[in-house]
Amino acid sequence: MAPVLNATNEQADGAERMTNDAWDLARGHIRKDIGAHNYTTWIEPLSFRSLEDGTLSLSSPTEFIGKWVMQNFQDVILRHVAGNGHAASRLVCGAQAHSSARPSPRETPDESTPRSRARQENTLDKRFTFDSFIVGKSNEMAHAAARRVASDGTVSFNPLFLHGRVGLGKTHLMQAIAWEIQEAHPEKRVMYLSAEQFMYRFVQSLREKATMDFKQLFRTVDVLLVDDVQFIAGKESTQEEFFHTFNALVDQGKQVVISADRSPADISDLEERITSRLQSGLVVDLHPADYELRLGVLQHRVDMFAAQNPEFQIEDGVLEYLASRITASIRVLEGAVMRLFAYADLIKQVVTLEQAQDALSDLLRASEKKLTIDEIMKVTCEHYALRMSDMTSARRSRTVARPRQMAMFLAKRLTPRSYPEIGRKFGGRDHTTVLYAVRKIEELIAQDTQIAEDAQLLQRKLEG
Ligand SMILES: Nc1ncnc2c1ncn2[C@@H]1O[C@H](COP(=O)(O)OP(=O)(O)OP(=O)(O)O)[C@@H](O)[C@H]1O
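To keep things clear, this report deals only with the structure shown in the data block. Keep in mind it's a predicted model, so treat the numbers as computed, not measured.

### With respect to helix 4 (residues 63–83)
Remark: the principal bend of helix 4, roughly 75°, maps to Phe73. One or two positions beyond helix 4, positive phi appears at Gly85, with a value near 90°.

Encoded structure:
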């Protein structure tokens, strides 16, 4: 039986010796996958040592970086090295990394179980599971649909089409589906690959006059997940083949999951018949992450890191600050928090707001909104039909006090100002008043939908 989860095994069989140049090529792909910031922090400092007997050996400037790379980027590195036609199934990375290192018995996969066979063959990233996917308003629909596809015995919507801007979790969700189905049904043939890999394999099969094998391989899977389908726009023969594969599977009632950076209708240079088939199931978009989701992702990352590095400590408020300032994508946010970990490892002290600002200054500058407390007061007053003077006055009636508390809450959340600084701007109030206001609004957001909506609307206006 042909390997199902591995888009690269055949290429790997004929592996030539890997060189520095080949590592450079793989690095380019890795950079695209993990983003520029992660790349600069973790991958750029590595140098290629050797690739022998399937073990890729890289050296890193410190043990910490080596360990972190192994824990977080092993899959993506191996995938791209293997994608360039080199047999690589294991990574060794450290200050002393050496090609002769062998897996310890604990690390050696038990080849007797279907589960470990699936793991050995696959190109999935171990981190991309439902467990590690944080759900918020912006992605709850996509998450629910993905869960349904992963858990349903029957096919409810075919295809499931996930779309959204870069770095918002499409690949993560697709791989989570693949993991889940593979886990629950080891007998099922689940294939995950990018549209680029699909094209590569198709072209290879043409070159090797093995198109029948190609068709056989793709048309006998139970679940097919194709990432970044916008890639095949304008590529006629690949589109044609994709269309036939897609139809054959859907007609047999096999689940297909597709992702793209935009909706089917917005992908230009896609044949009309393909667009309409892509729209024939469920089309769900992942919206840009809101503040709560951003904070959730940061918190999750920190908890994971702290579990392995008990000495790691971060000052209260730093994550909230980062979540409010770094809005580009979850990938960028992850890059930021990982950089913070590397920084914490160097200084070996509690990470303060000032240090975080220093370590991430380029990222923060890029997303600088320069939001002032005056602006926050102004937008809040407009929303509640109040005067600016109400923000600083001593009036305590609820119609004025509540919006004022809301403005204080937003000032804390959306600016780097401290409690005393905010107090001074709001008519010279004490920092404890600001602290109380922030807590009060947080409490009300959890209980009162009107307040929750107000907070969200105001935040969106201010951040937009
Ligand atoms: N809701 C989430 N919870 C936890 N991590 C997330 C979430 N969304 C995205 N991520 C993380 O952000 C990073 C980027 O996500 P992913 O690669 O899935 O994005 P994508 O939408 O496929 O982007 P692209 O279009 O560039 O391929 C990954 O490391 C992923 O784990």
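### Observations concerning the nonpolar core
Trp23, Trp42, Ile43, Phe73 and Ile77 are the most contacted members of the largest nonpolar core, which has 51 residues in total. No other element matches the nine residues that helix 4 contributes to this core. Taken domain by domain, this core gets at least three of its residues from each of domain 1 (9–110) and domain 3 (291–366). Sequence-distant contacts of Ile43, that is, excluding residues within four places in its chain, are made with Trp23, Arg27, Ile30, Ile34, Asn38, Phe73 and Ile77. Ranked by size, the runner-up nonpolar core spans 27 residues in total, among them Leu193, Phe218, Ala233 and Ala260.

### So, the pattern of salt bridges
One pass over the full model with this rule turns up 20 salt bridges. Across the pair Arg273 and Glu240 runs a salt bridge whose closest N-O atoms are separated by 2.7 Å. Highlighted residues: Arg273 in helix 11 (residues 272–278) and Glu240 in helix 10 (residues 236–251), separated in sequence by 33 residues. Look at Arg273 and you get partly exposed, because its relative accessible area is 30%. Residue class for Glu240 comes out partly exposed when judged on its relative accessible area of 30%. Residue Asp345 is joined to Lys348 by a salt bridge in which the shortest nitrogen-to-oxygen separation is 3.3 Å. Each of Lys215, Arg219 and Glu241 takes part in salt bridges that share partners, so that together they form one network.

### Focus: the sheet that holds strand 4 (residues 160–164)
Strand pairing in a sheet relies on backbone hydrogen bonds. The paired strands run either parallel or antiparallel. Overall, parallel pairing links the five strands, which are arranged 5-6-7-4-8 in an open sheet. The open sheet has two edge strands, strand 5 (190–194) and strand 8 (282–286), and neither has a second partner. Between one strand axis and the next, the sheet turns through 15° on average, direction left out of account. Strand direction decides the pairing type here: strand 5 and strand 6 (residues 223–227), joined by five bridges, are parallel. Bridge pairing in strand 6 places Val190 opposite Val223. Taken strand by strand, helix 7 (residues 170–184) contacts strand 4, strand 5, strand 6, strand 7 (255–260) and strand 8, and its axis lies near 165° from that of strand 6. Each of strand 5 and strand 6 touches helix 8 (residues 195–207); the most contacted strand, strand 5, lies at about 95° to it.

### Details of the sheet that holds strand 1 (residues 47–52)
Strand order in this open sheet of three strands is 1-2-3, and the pairing throughout is mixed. Bordering the open sheet on either side are strand 1 and strand 3 (90–94), each of which pairs with just one other strand. Neighbouring strand axes in the sheet, compared pairwise and without regard to direction, differ in orientation by 20° on average. Note: strand 2 (residues 55–59) against strand 3, five bridges, orientation parallel. Residue pairing for strand 3: Leu56 is matched across the bridge by Leu91. The sheet strands contacting helix 4 are strand 1, strand 2 and strand 3, and the helix crosses strand 3 at an angle near 150°.

### Considerations on the environment of Thr40
Mapped onto the secondary structure, Thr40 falls in helix 3 (residues 36–43). For Thr40, a relative accessible area of 42% puts it in the partly exposed group. Residues Thr40 and Gly335, 295 residues apart in the sequence, show an inter-C-alpha distance of 9.5 Å.

Reading the values: the criteria
- Residues numbered from 1 in each chain as written.
- Predicted model: local features only at pLDDT ≥ 70, side-chain atom pairs only at ≥ 80, totals over all residues.
- Heavy atoms only, no water.
- Bend = angle between axes of the 7 residues up to and from the residue.
- Helix = DSSP H or I, 4+ residues; strand = E, 2+ residues; numbered from the N terminus.
- Core = buried A, V, L, I, M, F, W, Y, C linked by side-chain atoms within 4.5 Å.
- Buried < 20%, exposed > 50% of the residue type's maximum accessible area, 1.4 Å probe, protein only.
- Domains from an automatic or database assignment.
- Contact = heavy atoms within 4.5 Å.
- Salt bridge = Lys/Arg side-chain N within 4 Å of Asp/Glu carboxyl O.
- Pairing = 2+ DSSP bridges.
- Axes fitted to C-alpha atoms, helices over the stretch in contact; angles between N-to-C directions.

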